[in-house]
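Coordinate analysis (summary)
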Amino acid sequence: MAVGDEDNISAVDDAMEEQEEQDDGYTSSTPTSTLTWISWFCSLPGHEYFCEVTEDFIEDDFNLTGLNSMVPFWKEAMEMVLDVEPDEDAAKIPDVSIVESSAEMLYGLVHQRYILGRAGQQAMLEKYEAGVFGTCPRVYCIGCNVVPCGRSDIPGIDTVKLFCPNCNDIYVPPSSRFQGVDGAFFGTTFPHLFFQNYRESAPAPFWKPPTRGAGSTSPPNPRMSPFSNPNPYGGQKRAAGYVYVPRIYGFKVSERAKCGPRMQWLRLRPESAEELEQVDWRGRWIEDDEFGSEDEDGDDPRMLEDFDDGEGDEDEESESEEEEV
Amino acid sequence: MSRFIVEDMSTGSDSDYSSTWISWFLSSKGNEYFCEVDEDFILDRFNLTGLNNEVANYAQALDLITDQLDDEVQEELRGSLDTQARLLYGLIHARWIVTARGLAKMVEKYKRGDFGRCPRVLCHSQPLLPVGLVDIPYEKSVKLFCGRCEDLYSPKSSRHGSIDGAYFGTTFPHLLFLVYPAIIPPKVGTPLEGSGSTGAAAEGRAAGSGALGGASASSARRRREREKDDALIPDSGAPGAGDGVGEGLSTASVALKAERYRPKIYGFQVHETAKLQRWQEAIRDRQVTKLEVLEART
């Protein structure tokens with residue numbers, strides 16, 4: 001991994017140097033110079049997940065609140081990102097490569113904010129629908145498109161991951177060239193806000209297996225009928241819900257075996273939205289005498305945490321708008 | 001092993017550079033998932049029962065695999081025979097890897113990570129095992145089974161993505177964990193690189209099992225305690241971070257330790273997803289309770 005990172009960075013550096021040379025060589029009248037730093041940066045190998053942040057978004061100081069303390073050589077980095085001719089006293093910068101990494105950091109952090117706003121979400125939707133981010137490696141997600149996702153909003157913690165809306169899980173990008181891309185440049189919120197905004201791309205939380213045998217006669221109707229989720233704020237796409245069942249010589253491996261299935265719950269979906277209501281906010285079955293009795297003292301800390309977290313999404317859209325203003 | 005490394009240099013279908021067809025086949029690019037089938041297994045016709053109906057030019061293909069093909073015949077059929085030999089070897093391979101000796105060879109490959117590692121972030125690069133979705137050739141390509149999340153993934157490389165799943169079969173990974181329960185991956189912690197690890201880890205596991213044993217008078221309380229433990233211990237340093245759950249240990253409640261990703265918007269869980277995840281965890285808890293009750297009874 002470390003090797004991959006170095007390769008990546010050195011490749012970026014090389015390309016940046018080329019860019020510098022170009023900038024020096026050509027004047028602003030030549031056609032090549034119409035390539036801005038931003039579009040050049042987004043075209044680098046490994047930067048396919050980035051969308052182009054508009055210059056007016058970067059020029060609005062409100063959008064940059066707090067970032068100047070995180071990026072060294074702020075002014076110079078801004079000039080580089082926005083293709084502004086540097087000041088006369090630029091000579092005091094020890095090394096151009098330092099400014100280059102500052103510019104990358106600046107752009108990445110602005111990008112994290114930009115893709116939460118309306119224009120950024122739209123730009124990412126176009127990339128999503130074009131399949132730029134790839135598909136889920138899980139077989140039974142049947143090639144569901146994924147979106148980039150960070151595990152932290154602070155740079156330097158972890159590299160970019162891919163979130164699959166069908167299995168609600170995160171994956172390592174298949175190519176090592178993404179191992180040099182910081183996950184914070186996409187952030188933890190982006191994928192989930194994205195699928196709140198574009199619900200028609202978000203798979204619903206329930207799934208009814210197509211009825212076998214009768215498949216030829218009656219069920220074409222439900223399959224043809226447009227899918228709808230009774231929850232208008234939920235995912236409006238038909239989910240790919242099949243869960244793998246391990247078999248030995250055609251026989252299901254019993255869950256009573258030591259090596260039996262233990263993780264099917266992780267991918268399981270109820271057949272209908274109503275079934276989700278059978279579990280209360282603490283994660284307990286409602287009206288389930290058989291198993292309810294052993295869980296009588298309801299002071300489970302984990303369950304309380306779930307409650308706190310679960311209800312907070314009503315304000316999301318208004319919050320996302322704020323980023324843009 | 002050194003033989004494979006040497007033969008990496010040989011290219012093309014010309015088998016002059018390799019000692020045998022099998023070693024050439026195994027060393028050519030894209031065939032990394034296959035293991036070597038012992039010659040006496042192939043030579044025992046009982047093991048090949050029925051394959052003559054599956055493979056055209058069965059006799060010559062078998063001769064080619066076992067390096068007994070006349071050079072003259074090879075000239076006439078060369079192109080198609082190579083494909084038939086691959087098919088035959090694949091089908092023999094599917095039978096071989098569910099024998100005791102075949103499983104042992106595949107365990108070695110598994111421990112080396114020859115089949116790749118799980119792309120799921122929270123599986124922490126758990127080594128994978130190849131598996132077919134059907135046992136009939138020409139139906140579905142090979143998939144990879146992760147013993148930690150117990151799910152299937154497509155191979156990263158298209159070289160491997162085009163291998164027939166029937167060459168590994170639907171049974172293999174599950175039989176492997178049935179025969180070698182000691183290498184069932186734990187649900188928590190990072191898999192240790194390299195094997196032969198785990199004196200200390202095994203002790204930790206044994207101690208853990210002591211605490212978990214004496215099953216089930218108050219399973220709910222114990223579950224909460226375990227979850228508390230998990231919250232305190234970061235993923236890497238957890239006990240049981242060996243390359244398997246260990247022999248003689250219960251796996252009834254391992255699922256409680258499994259990590260999962262929780263989508264959040266500005267730190268808040270997404271309503272519908274959180275609801276689905278609560279439901280899934282309730283299903284999990286119900287299974288754990290059931291298994292613990294069953295275990296207490298035995």
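Residues numbered from 1 in each chain as written. Chains lettered and ligands numbered in written order. Predicted model: local features only at pLDDT ≥ 70, side-chain atom pairs only at ≥ 80, totals over all residues. Heavy atoms only, no water.

In the nomenclature of an unreviewed UniProt entry, chain B is known as Casein kinase II subunit beta of Mycena chlorophos. UniProt's Subunit (unreviewed entry) comment on chain B is quoted here verbatim: "Tetramer of two alpha and two beta subunits." Regarding chain B, the UniProt comment filed under Function (unreviewed entry) reads as follows: "Regulatory subunit of casein kinase II/CK2. As part of the kinase complex regulates the basal catalytic activity of the alpha subunit a constitutively active serine/threonine-protein kinase that phosphorylates a large number of substrates containing acidic residues C-terminal to the phosphorylated serine or threonine." (UniProt positions renumbered as here; feature names shortened; annotations may be inferred.)

By the naming in an unreviewed UniProt entry, chain A is Casein kinase II subunit beta, taken from Mycena chlorophos. Per UniProt, the comment on chain A under Function (unreviewed entry) is "Regulatory subunit of casein kinase II/CK2. As part of the kinase complex regulates the basal catalytic activity of the alpha subunit a constitutively active serine/threonine-protein kinase that phosphorylates a large number of substrates containing acidic residues C-terminal to the phosphorylated serine or threonine." Comment text from UniProt for chain A, heading Sequence similarities (unreviewed entry), reads "Belongs to the casein kinase 2 subunit beta family."

On to the overall build of chain B, then. Helix and strand counts for chain B come out as 12 helices and five strands. By residue count, 53% of the 298 residues in chain B fall in the buried class. Taking the intrachain contacts of chain B between residues at least 6 apart in sequence as the baseline, contacts between residues at least 24 apart amount to 67%. In the form shown here, chain B has an accessible surface area of approximately 13100 Å², with 52% of it arising from carbon and sulfur atoms. (Helix = DSSP H or I, 4+ residues; strand = E, 2+ residues; numbered from the N terminus. Buried < 20%, exposed > 50% of the residue type's maximum accessible area, 1.4 Å probe, protein only. Contact = heavy atoms within 4.5 Å. Areas by Shrake-Rupley, 256 points an atom, 1.4 Å probe, with all protein chains shown as cover.)

Glancing now at the interface of chain B and chain A. Chain B puts 71 residues into the contact, and the matching count from chain A is 73 residues. Looking only at chain B, the three residues that lose the most surface to chain A are Tyr-261, Tyr-266 and Trp-279 of chain B, adding up to 12% of its buried area. Linking chain B to chain A there are five salt bridges. The salt bridge involving Lys-290 of chain B is made with Glu-255 of chain A; its shortest N-O contact spans 2.6 Å. The tally of links from chain B across to chain A stands at 27 residue pairs in polar contact (both at pLDDT 80 or more). (Buried area = accessible area lost by both parts, 1.4 Å probe. Salt bridge = Lys/Arg side-chain N within 4 Å of Asp/Glu carboxyl O. Polar contact = N/O pair within 3.5 Å; in protein donor to acceptor, adjacent residues only side chain to side chain.)

Glancing now at the sheet that holds strand 3 (residues 151–153) of chain B. Residues and elements named next belong to chain B. Within the open sheet, the three strands sit side by side as 1-2-3. Their pairing is antiparallel. One side of each edge strand has no neighbouring strand; the edge strands of this open sheet are strand 1 (128–131) and strand 3. Neighbour to neighbour, the strand axes of the sheet diverge by 40° on average, direction disregarded. Where strand 2 (residues 143–146) lies against strand 3, three bridges are found, and the strand directions are antiparallel. Residue pairing across strands places Phe-145 opposite Leu-152, the latter belonging to strand 3. Each of strand 1 and strand 2 touches helix 9 (residues 172–179); the most contacted strand, strand 1, lies at about 130° to it. (Pairing = 2+ DSSP bridges. Axes fitted to C-alpha atoms, helices over the stretch in contact; angles between N-to-C directions.)

With that out of the way, let us pick up the layout of surface pockets. Space inside the second largest pocket adds up to approximately 1100 Å³. Class assignment for the residues of the lining of the second largest pocket results in 22 nonpolar, 13 polar and 11 charged. (1 Å grid on protein atoms, 1.4 Å probe; cavity = no way out; pocket = protein on both sides within 12 Å on 5 of 7 lines; lining within 4 Å. Points joined across faces, edges and corners; volume = space filled by probe spheres on them. Nonpolar A, V, L, I, M, F, W, Y, C, P; charged D, E, K, R; others polar.)

So, about the pattern of salt bridges. Across all of its chains, the model carries 20 salt bridges over all chains by this definition. As a salt-bridge pair, Arg-267 of chain A and Asp-151 of chain B come within 2.7 Å of each other at their nearest N and O atoms. You can see Arg-267 of chain A sitting in the loop between strand 5 (251–252) and helix 9 (273–276) and its partner Asp-151 of chain B sitting in strand 3, one on each of two chains. Each member of the pair, Arg-267 of chain A as well as Asp-151 of chain B, carries the same accessibility label: buried. The partner of Lys-109 of chain B in a salt bridge is Asp-114 of chain B, with the nearest N and O atoms 3.3 Å apart. Since its relative accessible area comes to 8%, Lys-109 of chain B is described here as buried.

Attention now moves to the pairing of strand 2 of chain B. Residue and element names in this part refer to chain B. On strand 2, burial covers both faces: Lys-143 and Phe-145 on one face and Leu-144 and Cys-146 on the other are all buried. Where strand 1 lies against strand 2, four bridges are found, and the strand directions are antiparallel. Counterpart to Leu-128 in the pairing with strand 2 is Cys-146.

This next bit is on the sheet that holds strand 3 (residues 169–171) of chain A. Residue and element names in this part refer to chain A. Reading across from one edge, 1-2-3 is the order of the three strands in this open sheet, with antiparallel pairing throughout. Two strands close off the open sheet at either side, each with one partner strand: strand 1 (147–149) and strand 3. Ignoring strand direction, the axes of neighbouring strands in this sheet form an average angle of 45°. When strand 2 (residues 161–164) meets strand 3, the two strands line up antiparallel, connected through three bridges. Opposite Leu-162, over in strand 3, you have Tyr-171 as the bridge partner. Set on the sheet, helix 7 (residues 190–197) makes contact with strand 1 and strand 2; between it and strand 1 the angle comes to about 145°.

Where a strand is regular, its side chains alternate between the two sheet faces. Residue alternation in strand 2 of chain A divides its side chains into two sets, Lys-161 and Phe-163 of chain A and Leu-162 and Cys-164 of chain A, and both sets are buried. In sequence, strand 2 of chain A turns back onto strand 3 of chain A through a hairpin of four residues, with Asn-168 of chain A there showing a positive phi of about 50°.

A common way to express how large an interface is: the accessible area buried when the components associate. All names here are of chain A. Partitioning chain A into domains gives domain 1 (34–114), domain 2 (131–201) and domain 3 (244–287). The centre of domain 2, based on its C-alpha atoms, is set 25 Å off from the matching centre of domain 3. Residue-level contacts link seven residues of domain 2 with four residues of domain 3. Interface area, domain 2 with domain 3, both sides summed: about 430 Å², of which 31% is carbon and sulfur. The largest contributions to the domain 2 side of the interface with domain 3 come from Arg-138, Tyr-140 and Asn-166, which together make up 66% of the buried area. Inspection of the region where domain 2 meets domain 3 yields one salt bridge. (Domains from an automatic or database assignment.)

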